[in-house]
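The lines below spell out each chain.
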2 protein chains.
Amino acid sequence: MAKARTAAESRPNDPDETRSNILEVAAREFADKGLAGARIDEIAEKTNSSKRMIYYYFGGKDELYRAVLERSYSSIRAREAEADFESLPADQALRAQIEHSFDYHVQHPEFVRLVMNENIHHGAHIGHIEGLKDRNRSVIASLKAIIDKGVAAGQFRPVDPVDLHMSISALCFYNVSNRYTFASNFGVDMGAADTQARRRAQVVDIILAWVMN
Amino acid sequence: MAKARTAAESRPNDPDETRSNILEVAAREFADKGLAGARIDEIAEKTNSSKRMIYYYFGGKDELYRAVLERSYSSIRAREAEADFESLPADQALRAQIEHSFDYHVQHPEFVRLVMNENIHHGAHIGHIEGLKDRNRSVIASLKAIIDKGVAAGQFRPVDPVDLHMSISALCFYNVSNRYTFASNFGVDMGAADTQARRRAQVVDIILAWVMN
DNA sequence: CATAATGTACGAAACGGTTAGCATAATAGG
DNA sequence: CCTATTATGCTAACCGTTTCGTACATTATG
């Protein structure tokens, strides 16, 4: 439903606002139903704009999906970059990093779902996102710095930073990604606040137990 | 494309065979493209049967999807049930259990993908599978037995079996589920045999380090 | 012949995408 | 200062295809 122009604001709408409004709605829809399951018409309807505008600004469904994916990945990597725990002792830094990652996943289930989708599509679109690899490298570098410090202090074993990232990511990701099947299979509501708090501490324990001497 | 009947087998085809052939093809398609992305016509084409038969035996797309999901879950739970490590010492039993789970995920990526799909759909279909909860309970019971034995022997801390299952499952699942995005982000091919072997040992290490005293 | 199994062809709706054109704002020429 | 021109943001209606599902006819077998 397009917004009618009143006499008071009979100017064209703000393009940036329209774009980001579309992206926001599309992110929800794609995360919820996947690339194939999401409907352009439905996205358009939930927008303050129209279907025509989606094609005007993004070109097509796939491009819109890609734009959504990019926005989502940019967001998490930005958050990871802004967190700087390197001044802390290694164990505290690692702990903080894990908690940070855990919280991000919990707070951004739509990111988790988009990544699931992308894996279902064999990662067909993620490769096209510019600059993502650089940001990924910096995440690994940051973890490596923590490990090195811990090893130097005699606290940590020398684990591979990519392995470490994978382990942390797996535990944080699964906690959100498999929430529904896990709930159905084992009757555990992983969305509940107390369950999450418990699991959060546990994930920290698991990783620290593995890395520490 | 229906299979032409040779003179030797000019009977109507075996219904069970037709059914299971459809299920097999459908599993691949749904795993690969999701419920919304898979096409009934395409599934039919890859079958030895026809679209007509899909509706004849299963009723519709959703029902077929559900049947596929059921078959897939039944398969993993059956495999888990058949593995009996309880005669081993607790640490060896747990190790074997983890390796078993890891291998199953690696060998059945289509199961992993179906579960991802199901979570994207908020677990809308999984609840309808009969008897699944019983089998799930038995998986937990088996883990609990191992933990109890380990605790009695002074080897293990008393961890919750559901928590343990979740941790094992997360590490094994992610290894397969996020293969593509992880490859794109970090240049690691988790499908390679040596990478997998390394990761397998690592997952065992992580869990044991957490559980053992 | 009755019944289970199957092939063919088609309908209706959904869906991605496009065509045609309008309104406003900015800008350039007289 | 005033008009002509152009670029931008936008709407509404439409189009061709895909896709799920079905109606109807037919075949094989007990």
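Note that the structure is a prediction, hence the values are computed from the model and not measured.

## Observations regarding the environment of Leu164(B)
Residue and element names in this part refer to chain B.
For step 1, the next point in the chain: Within the element layout of this structure, Leu164 appears in helix α8 (residues 161–177).
For step 2, the next point in the chain: Taking the C-alpha atoms as reference points, Leu164 and Tyr56, 108 residues apart in sequence, are found 43 Å from one another.
For step 3, the next point in the chain: Other than its neighbours up to four places away in sequence, Leu164 contacts Leu94, Leu143, Ile147, Val159, Ile207, Trp210 and Val211.

## Points about the relation of the copies chain B and chain A
For step 1, the next point in the chain: By a simple turn and slide, chain B fits onto chain A: the slide is 0.0 Å along the axis, the RMSD is 0.1 Å, and the turn is 180°. Such a combination of rotation and displacement between the chain copies is what one expects of a two-fold axis.
For step 2, the next point in the chain: Comparing interface residues between copies, 100% of those in chain B also lie at the interface in chain A; the contact surface is shared.

## Description of the environment of Ser50(A)
All names here are of chain A.
For step 1, the next point in the chain: Inspection of the secondary structure puts Ser50 in the loop between α2 (40–46) and α3 (51–58).
For step 2, the next point in the chain: Taking the relative accessible area as the measure of exposure, Ser50 reaches 25% and is therefore partly exposed.
For step 3, the next point in the chain: In this structure, the C-alpha to C-alpha distance between Ser50 and Ile40, residues ten residues apart in sequence, is 9.8 Å.

## Quick word on the packing of aromatic side chains
For step 1, the next point in the chain: Throughout the structure, instances matching the rule amount to 14 aromatic pairs over all chains.
For step 2, the next point in the chain: Where Phe182(B) meets Phe186(B), the ring centres are 4.7 Å apart and the plane angle is 50°; that geometry is what we call tilted. Of this pair, Phe182(B) and Phe186(B) both sit in helix α9 (residues 179–186), four residues apart, which is roughly one turn of the helix.
For step 3, the next point in the chain: On the basis of relative accessibility, which here comes to 2%, the residue Phe182(B) falls in the buried class.
For step 4, the next point in the chain: By relative accessible area, Phe186(B) is classed as buried at 15%.
For step 5, the next point in the chain: An aromatic cluster of three or more residues is present, and its members are Phe173(A), Tyr174(B), Phe182(B) and Phe186(B).

## Here's the deal with unusual backbone geometry
Residues and elements named next belong to chain A.
For step 1, the next point in the chain: Positive phi, normally seen in glycine, also occurs at His122, with a value near 60°.
For step 2, the next point in the chain: Tracing the backbone through its elements, the reader meets His122 in the loop between α6 (109–120) and α7 (132–152).
For step 3, the next point in the chain: Residue classification places His122 among the partly exposed residues on the basis of a relative accessible area of 35%.

## A few points about the interface of chain B and chain A
For step 1, the next point in the chain: Taken residue by residue, the interface counts 53 residues in chain B and 53 residues in chain A.
For step 2, the next point in the chain: On the chain B side of the contact with chain A, Asn119(B), Ile120(B) and Met166(B) bury the most area, a combined 15% of that side's loss.
For step 3, the next point in the chain: For the pair chain B and chain A, the number of links is two salt bridges.
For step 4, the next point in the chain: One salt bridge connects Asp163(B) with Arg198(A), and the closest N-O pair in it is separated by 2.4 Å.
For step 5, the next point in the chain: Across the chain B-chain A interface, the total number found is 24 residue pairs in polar contact (both at pLDDT 80 or more).
For step 6, the next point in the chain: Those elements giving two or more residues to the side of chain B that touches chain A turn out to be α1 (15–37), α4 (61–82), α6 (109–120), α7 (132–152), α8, α9 and α10 (193–211) of chain B.

## Details of the confidence of the model for chain A
Residues and elements named next belong to chain A.
For step 1, the next point in the chain: Scored by pLDDT, chain A comes out at a mean of 90, with 94% of its residues at no less than 70.
For step 2, the next point in the chain: In the predicted structure, residues 1–10 sits below a pLDDT of 50 and forms 13 contacts with residues beyond four places in sequence or in another chain.
For step 3, the next point in the chain: In the model output, the complex is listed with pTM 0.90 alongside ipTM 0.89.

Thresholds, definitions, all that
- Every chain is numbered on its own, with residues counted from 1 as its sequence reads.
- As they are written, the chains are lettered A onward and the ligands numbered 1 onward, keeping that order.
- pLDDT decides what is reported in this predicted model: residues at 70 or higher carry local features, side-chain atom pairs at 80 or more are listed and counted, and totals for whole chains, interfaces and linings draw on all residues regardless.
- With hydrogens and water set aside, each side-chain value is computed from the structure's full complement of heavy atoms.
- Strands here are runs of E lasting at least two residues and helices are runs of H or I lasting at least four, both read from the DSSP assignment and numbered beginning at the N terminus.
- Working rule for contacts: check all heavy atoms of both residues, and any pair within 4.5 Å makes them a contact.
- The fit set for superposing copies consists of C-alpha atoms from residues with pLDDT of at least 70 in both; the fit itself is least squares.
- Burial status follows relative accessibility: with a 1.4 Å probe on protein chains alone, a residue under 20% of its type maximum counts as buried, one over 50% as exposed, and anything between as partly exposed.
- Centre distance within 6.5 Å is the pairing criterion for rings of Phe, Tyr and Trp, where only the six-membered ring of Trp is used; planes under 30 degrees apart are then read as stacked, over 60 as edge-to-face, and the remainder as tilted.
- Two parts placed together each lose some accessible area under a 1.4 Å probe, and adding up what both lose gives the buried area.
- Salt bridge criterion: a side-chain nitrogen from Lys or Arg within 4 Å of a carboxyl oxygen from Asp or Glu.
- Any N or O atom pair separated by 3.5 Å or less is treated as a polar contact, with the protein-specific requirement of one donor-capable and one acceptor-capable atom, and with residues adjacent in sequence counted only for side-chain atom pairs.
- For every residue, the predictor reports its confidence as pLDDT, a number between 0 and 100.

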